[in-house]
Amino acid sequence: MKPKQSEPEIRAVVCAVRDAYEICVLTNHESLVSVRVGDETYYYADNGVRHSRCPLHKFRVPAEKLNAAGAYTVETEWMIKRLPYRSLRRPPVSRTFRFTPVPDEGPLRIYHVSDSHGLKAASVNAAGFFGETPDLLILNGDIASHTHTPKAAILPIEIAWGVTKGERPCVITRGNHDLRGKCAENLSLYYPTDRGRFYYPVYFPGLEILVLECGEDKVDECAEYGGTICCHAYRKEETAFLREYCDQKQKEPDNGDIRVVLSHIPFMHTDYDPVRGVHEFDIEQELYGEWVRLMNDVYRPRFGLFGHIHQVALIEGTGKFNEKGFTRPLILGGKPDHAHKSVVGTSLVIDREKEEMTVRFTDSAHNVLEEHAVSLHL
Ligand SMILES: [Fe+2]
């Protein structure tokens, strides 16, 4: 039952970032919020001052701590009036959530949604493919068609709540459409980030996901953006991170974890249409070429998972959508179907011991459109 507007509502989503979780809490009213895990209380604050006037409350909790506790409690105090002295608040209300981390053995069930472009119920339905909550939910960009309103900006968190009810981990990335609209300049307030950045590694037992992102899909000067975009500088900064990260990986002994690269835009795709002769998506050849080389030669992921193209496909070998020659299987994993109010997403079942994976493209009614067996051996 939907709570009345006069009652506090608490919804939570657990997003994985590096070796931590960002617990993202949505409330229906301006509130002070805290999260308790075991004997530790976490706050969302700016240099000692607790946020109450924010669209999303975010709490960074060590993964080890939440995995061990298996539960967390969110406490909210409805802010009647925030004042310089003696702010007026209602008595606290709390809600406890169970939490199940990614299992450290047995098959690992992941569901990936991208490019659902506002199809909220269809996204939640598609991610219900396993008949129960997936071990890990991935929302890989362009979940809304823009972030012109707070309602649109918060959509990935609302879908993640619909699927997981705060009880399973998620990875949420930014797509190119998410850079458009009034809320885009503050999107880090609505999304999990690694201290403000949308690119970062995520560590699970036997599985490492490297989240990369390309920002927009055309040059910064494109008239469509009206001067609001400076992604080239952002990508250069991200490239410096990637070089450093790969360098560090090269020095570490390989722990055998399955490495995956995740990005909304498949940066190995050179989007050139010889028929139309339009080059508007044909950007950053040198920079993306370096990313592909670093992936192939140093990071060596077992596979790559992408959205953006509005097609689902398993691509092995150089060719269409992989013109730059990414040497591992490449999955295009998300497609909206507005006519049927359906979303096609990707179910992945990974056997970490055998290093094998089953990939299924499935729709909101759980029909399996394609099924592939993929070897994860390097
Ligand atoms: Fe996109």
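Fair warning: this is a prediction, and the values are worked out from it, not measured in the lab.

Participant: It is not clear to me how the coordination of the iron ion should be interpreted in this structure. Could you clarify?
Facilitator: Each donor-metal-donor angle in an ideal tetrahedron of four donors is 109.5 degrees, and each such angle in an ideal octahedron of six donors is either 90 or 180 degrees. Distances from the iron ion to its protein donors, Asp142 (OD), Asn176 (OD1), His264 (NE2) and His308 (ND1), fall within 2.2 Å. In the primary sequence, the donor residues of the iron ion line up as D-x33-N-x87-H-x43-H. Taken together, the residues span a long stretch of sequence, with aspartate 142 in the loop between strand E12 (136-140) and helix H3 (150-153) and histidine 308 in the loop between strand E17 (303-306) and strand E18 (312-315) at a distance of 166 residues. A residue is classified by how much of its surface remains accessible, and aspartate 142, at 1% relative accessible area, is buried. A relative accessible area of 18% means that histidine 308 is categorised as buried.

Participant: What is the right way to read unusual backbone geometry from this model?
Facilitator: Backbone geometry follows two general trends: most residues other than glycine have a negative phi, and most peptide bonds adopt the trans configuration. The backbone phi angle of arginine 18 is positive, close to 50°, even though this residue is not glycine. Following the sequence through the fold, arginine 18 ends up in the loop between strand E1 (10-17) and strand E2 (20-27). Residue arginine 18 is classed as partly exposed on the basis of its relative accessible area, which comes to 27%. Notably, arginine 300 is not glycine yet its phi reads approximately 50°, a positive angle. Structurally, arginine 300 is set in the loop between helix H6 (285-299) and E17.

Participant: Sorry, what's going on with the domain arrangement of the chain here?
Facilitator: By a widely used convention, the size of an interface equals the accessible area lost when the partners come together. Taken domain by domain, the chain consists of domain 1 (10-98) and domain 2 (108-375). In this structure, domain 1 and domain 2 have C-alpha centres spaced 27 Å apart. Taken residue by residue, the interface counts 23 residues in domain 1 and 27 residues in domain 2. Across the interface of domain 1 and domain 2, roughly 2,100 Å² is buried in total on both sides, 58% from carbon and sulfur atoms. The tally of links between domain 1 and domain 2 comes to four salt bridges. Arginine 60 serves as the salt-bridge partner of aspartate 194, at 3.2 Å between the closest nitrogen and oxygen. At the surface where domain 1 touches domain 2, the tally comes to 12 residue pairs in polar contact (both at pLDDT 80 or more). At the level of secondary structure, the elements contributing two or more residues to the side of domain 1 that touches domain 2 comprise E1, E2, strand E7 (57-62) and strand E10 (93-98).

Conventions adopted
Residues numbered from 1 in each chain as written. Predicted model: local features only at pLDDT ≥ 70, side-chain atom pairs only at ≥ 80, totals over all residues. Heavy atoms only, no water. Donors = N, O, S within 2.8 Å, 3.2 Å for Na, K, Ca; no water. Helix = DSSP H or I, 4+ residues; strand = E, 2+ residues; numbered from the N terminus. Buried < 20%, exposed > 50% of the residue type's maximum accessible area, 1.4 Å probe, protein only. Domains from an automatic or database assignment. Contact = heavy atoms within 4.5 Å. Buried area = accessible area lost by both parts, 1.4 Å probe. Salt bridge = Lys/Arg side-chain N within 4 Å of Asp/Glu carboxyl O. Polar contact = N/O pair within 3.5 Å; in protein donor to acceptor, adjacent residues only side chain to side chain.

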